[in-house]
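Spelled out, the chains give:
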Amino acid sequence: MSVASAPPARIPRFTGWLGAAVSTDHKRMGLTLGVCSLFFFGLGGVFALLMRTQLAQSNMQFVSDNSYNELFSMHGSTMIYLFVTPMAIALAMYLVPLQIGALRLSAPRLALAGLWTWLCGGLVMQQGWFASGGAGRAGWSSIAPLSNGTNTPGVGQDLWVIGVLLAACGTLVMAACVLATIARRRAPGMSLLRMPVFTWTALVSVLMVVASFPMLVLVMILLYIDRHGGHIFVGFAGAIDYQDLFWFFGHPVVYVMFFPYLGAAAEAIAVNSHKRWFGYTAFVGSIMAFAALSMAVWSHHMYVTGGVTNQYFAFTSTALLVPAGIEYFDAIGTLIGGAIVLRASMLFALTFFIQFLVGGLTGIFVASPVLDYHAFGTYFIVAHFHYTLFAGSVFGFFAGVYHWFPKITGALLREWLGKLQLLVMVIGTNLTFFPMFFLGNDGMPRRISRYPTHPGWGTLNELETFGAGIIALGVLLFLINVVVSLRRRVPAGDDPWLGHTLEWATTSPPPPLNFEAPLPPIRSYAPLLDLREEALDRARERREVGPA
Amino acid sequence: MRGGAIPILAWGTILLVLTIGNWVWDDKPVNGAAASAAVVIIYSFGVAVWLLRREAIRRGPPEPGTEIENVPAASLSAMVIGLAVGCALFGLVWAKFLLYFGIALFVASVGRLVLEVRAERASRRRVLEERELR
């Protein structure tokens with residue numbers, strides 16, 4: 001495919017920081033989005049540490065009640081709107097065009113505008129800390145009527161609403177660009193069932209974003225009007241309507257925050273097992289069904305309101321087990337008989353599957369209305385979603401980072417530091433989140449800044465705070481690893497892991513138009529593995545027929 | 001492009017089945033409306049891809065193309081559009097002058113974007129003409 005570039009006389013060249021800021025290259029946009037998301041991850045982590053310090057002992061006075069409300073609201077909002085979701089889009093934006101053999105992203109200007117809209121959203125949301133009355137403090141979901149102008153007055157909550165609105169619009173636009181890229185820009189030979197596993201997971205994620213994020217945009221507009229005298233979410237019916245609309249976005253986003261990391265872990269497992277991903281077609285079918293079902297379960301967040309049809313939502317929520325089971329089956333099938341290499345990326349991927357299992361299995365409990373009545377509003381729920389989002393997605397994210405870092409930078413990360421980070425993070429994660437199941441089962445409510453002296457609660461909370469510190473140490477080790485690896489570079493080469501997919505067929509880092517050499521023939525979802533297997537077959541044939 | 005609309009329409013159809021289930025089982029209009037809106041959005045996207053190129057609905061791998069396409073390397077106006085939207089909405093809460101400034105910036109950057117796109121199209125035309133001459 002030929003390429004024409006714009007004349008330099010009309011469009012000036014930009015270099016340095018400004019060059020990165022205005023670049024419409026999907027790789028630079030993906031990197032900018034990823035780095036900004038990581039910044040927000042750090043910020044959200046600091047909020048979490050402050051919260052855990054407050055909760056280390058009963059009746060602590062480390063922060064005020066109001067500040068605690070701000071901290072947990074901004075922690076959840078920062079992590080969901082500004083880290084896990086955009087990081088999933090960042091991975092997709094960087095990798096999808098490379099994996100499908102495309103020169104570029106579709107509608108790159110739109111994606112760039114979306115990126116800056118999202119970043120403005122993040123900054124506007126954090127501006128609340130400088131507002132009189134503080135930042136948004138009605139939780140990451142800001143349920144009405146708690147979040148209306150009477151119950152949560154102040155500019156901080158308005159800034160939260162506008163911040164979420166901007167972040168949602170930006171994410172939606174970027175996701176639509178990734179979707180259009182997959183639909184329109186696959187390389188010759190790249191049929192749908194020859195797309196890599198990660199690309200499929202990115203595809204279902206962006207489908208969910210396109211279908212569900214408009215609802216978040218609508219809800220934020222309505223909430224803003226409501227807060228300024230609109231009286232939209234009034235009374236019991238208003239509260240239920242808000243929740244119905246919000247959770248229509250709020251549950252699918254959990255899977256937006258899961259699928260790309262699942263794809264990253266799957267790629268790491270297949271490559272480090274030197275095998276094709278087992279049950280590819282079943283996997284594709286299962287994630288399509290998984291994504292669709294995840295858009296039909298939203299009211300399981302509302303069982304206790306008494307305003308939902310429990311049977312329908314309990315059925316769809318429990319049915320999620322079937323596609324999830326297929327994914328686990330595929331992962332195990334890939335490992336069996338593989339020539340397994342336990343690199344840091346592989347260990348993070350395996351840990352992703354093991355840790356997510358805890359979140360998934362406890363999800364079955366809370367999918368059942370009778371069990372949810374007991375667990376709702378307690379630390380059991382906090383433990384459940386942190387096992388899915390932190391112990392799950394974040395470990396999948398690190399599997400992806402260790403797998404693709406050499407492709408992105410051309411340098412290898414230090415393996416021993418990666419393994420040390422994994423060990424520290426596994427200890428920290430389980431120390432922080434596992435005791436929450438016991439606390440929740442014992443009735444400790446979430447979103448409280450102080451709790452009464454109660455047998456066992458103090459010790460478990462102390463353990464959690466200690467664990468949160470260990471997680472922070474793990475993240476610090478990762479940052480050290482990145483800095484050390486970039487300063488004292490160990491060149492990675494183009495394909496250090498013997499990868500399966502097209503991104504490993506180009507240079508590390510890839511050139512501006514992704515591929516300088518012609519693409520290899522695409523006859524399956526693992527074209528580079530095909531080439532190696534063909535070469536091996538030819539070598540075997542030569543040995544059989546050649547002179548002894 | 002080939003087959004690009006298929007997963008989008010297929011997923012829309014699965015959503016449609018679940019939406020019908022929701023309408024039957026759940027009598028709340030808000031739920032049905034939300035689920036139906038999602039189906040409409042996904043179908044619209046799928047149909048748009050289909051209308052763009054008819055082969056988007058046909059199965060099979062994409063074939064090699066010989067089209068010349070523009071690859072924009074940078075776009076100051078796209079970045080400023082994002083900033084302008086952020087500035088305007090921030091101004092809605094914080095200070096009204098930022099709202100007006102954001103709107104003005106938005107209009108100016110859309111103008112600049114038109115110039116960028118026109119320059120790109122001119123470049124493409126020139127390459128096509130050179131190719132024809134050769």
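No experiment lies behind these values; they were computed from the predicted model shown.

**Brief notes about the overall build of chain B**
- Summing up its helical and strand segments, chain B has four helices and one strand in all.
- Listing each helix as α and each strand as β along chain B from the N terminus yields α-α-β-α-α.
- Structurally, chain B occupies a C-alpha span of about 60 × 55 × 15 Å along its principal axes.
- Here chain B holds 134 residues, and the buried ones make up 42% of them.
- Restricting to contacts in chain B with at least 6 residues of sequence separation, those with at least 24 account for 68%.
- When the accessible surface of chain B is split by element, carbon and sulfur atoms take 68% of a total near 7300 Å².

**Overview of the pattern of salt bridges**
- Throughout the structure, instances matching the rule amount to 13 salt bridges over all chains.
- Residue A:R109 is joined to B:E120 by a salt bridge in which the shortest nitrogen-to-oxygen separation is 2.3 Å. On the criterion of chain membership, the pair formed by A:R109 in helix α4 (residues 108–127) and B:E120 in helix α4 (residues 96–133) is interchain, its members lying in two chains. For the pair formed by A:R109 and B:E120, the shared burial category is buried.
- Linking A:E533 and A:R276 is a salt bridge whose minimum nitrogen-to-oxygen distance equals 2.8 Å. Of this pair, A:E533 sits in helix α18 (residues 527–545) while A:R276 sits in the loop between α9 (259–272) and α10 (280–294), and the two are 257 residues apart along the sequence.
- With a relative accessible area of 37%, A:E533 lands in the partly exposed category.

**With respect to the nonpolar core**
- Counting residues in each nonpolar core, the largest one holds 208 residues, and the members touching the most others are A:Y81, A:W118, A:M220, A:F259, A:W277 and B:W11.
- Sort the elements by how many residues they give to this core and helix α3 (residues 65–99) of chain A lands first, with 21 residues.
- Mapped onto the domain boundaries, this core takes at least three residues apiece from domain 1 (5–57) and domain 2 (76–133) of chain B.
- With residues up to four places along the chain from it excluded, the contact list for B:W11 reads A:L207, A:M208, A:A211, A:M288, A:A291, A:A292, A:M295 and B:I42.

**With respect to the domain arrangement of chain B**
- Each assigned domain of chain B is listed here: domain 1 (5–57) and domain 2 (76–133).
- A separation of 32 Å is found between the C-alpha centroids of domain 1 of chain B and domain 2 of chain B.

**Considerations on the interface of chain B and chain A**
- Taken residue by residue, the interface counts 67 residues in chain B and 79 residues in chain A.
- When the two sides are added together, the surface that chain B and chain A hide from each other amounts to roughly 6000 Å², 72% of it contributed by carbon and sulfur.
- Summed over the three residues of chain B that lose the most area to chain A, namely B:W11, B:W25 and B:E69, the buried surface amounts to 12% of that side.
- Between chain B and chain A we count three salt bridges in total.
- In this assembly, chain B and chain A are joined by eleven residue pairs in polar contact (both at pLDDT 80 or more).

**Digging into helix α2 (residues 29–52) of chain B**
- Here α2(B) contains 24 residues, and its C-alpha end-to-end distance of 34 Å stays within 8% of the 34 Å for a straight helix at 1.5 Å per residue.
- Those residues of α2(B) that sit buried are B:N31, B:G32, B:A34, B:A35, B:A38, B:V39, B:I42, B:G46 and B:V49.
- Where α2(B) is buried, its residues touch α5 (155–184), α6 (197–230), α7 (235–250) and α11 (310–319) of chain A together with α1 (5–25) of chain B.

**Focus on unusual backbone geometry**
Residues and elements named next belong to chain A.
- A cis geometry characterises the amide bond from A144 onward to P145, with omega recorded as 10 degrees.
- In the segment running from S508 into P509, the intervening peptide bond is cis, with an omega of -5 degrees.
- Structurally, the position occupied by P509 is in the loop between α17 (457–487) and α18.
- Residue A107 is not a glycine yet carries a positive backbone phi of 50 degrees.
- When its relative accessible area of 40% is taken as the criterion, A107 is described as partly exposed.
- In this structure, S142 is a non-glycine residue whose phi angle is positive, near 40 degrees.
- Secondary-structure assignment places S142 in the loop between α4 and α5.

**Quick look at the packing of aromatic side chains**
Residues and elements named next belong to chain A.
- All chains considered together, the criterion is met by 54 aromatic pairs over all chains.
- Look at W140 and F246: their rings are 5.4 Å apart centre to centre, the planes differ by 65 degrees, and that puts the pair in the edge-to-face class. Of the two residues, W140 is situated in the loop between α4 and α5 and F246 in helix α7; the sequence distance between them amounts to 106 residues. Pair check on accessibility: W140 and F246 agree, each one buried.
- Where F348 meets F398, the ring centres are 5.6 Å apart and the plane angle is 40 degrees; that geometry is what we call tilted. Here F348, found in helix α13 (residues 344–367), pairs with F398, found in helix α15 (residues 379–409); they are 50 residues apart in sequence, far enough to count as distant.
- Take F398: its relative accessible area is 0%, and that puts it in the buried class.

Conventions we followed
- Residues numbered from 1 in each chain as written.
- Chains lettered and ligands numbered in written order.
- Predicted model: local features only at pLDDT ≥ 70, side-chain atom pairs only at ≥ 80, totals over all residues.
- Heavy atoms only, no water.
- Helix = DSSP H or I, 4+ residues; strand = E, 2+ residues; numbered from the N terminus.
- Buried < 20%, exposed > 50% of the residue type's maximum accessible area, 1.4 Å probe, protein only.
- Contact = heavy atoms within 4.5 Å.
- Areas by Shrake-Rupley, 256 points an atom, 1.4 Å probe, with all protein chains shown as cover.
- Salt bridge = Lys/Arg side-chain N within 4 Å of Asp/Glu carboxyl O.
- Core = buried A, V, L, I, M, F, W, Y, C linked by side-chain atoms within 4.5 Å.
- Domains from an automatic or database assignment.
- Buried area = accessible area lost by both parts, 1.4 Å probe.
- Polar contact = N/O pair within 3.5 Å; in protein donor to acceptor, adjacent residues only side chain to side chain.
- Expected span 1.5 Å × (residues − 1).
- Phe/Tyr/Trp six-rings, centres within 6.5 Å; stacked < 30°, edge-to-face > 60°.

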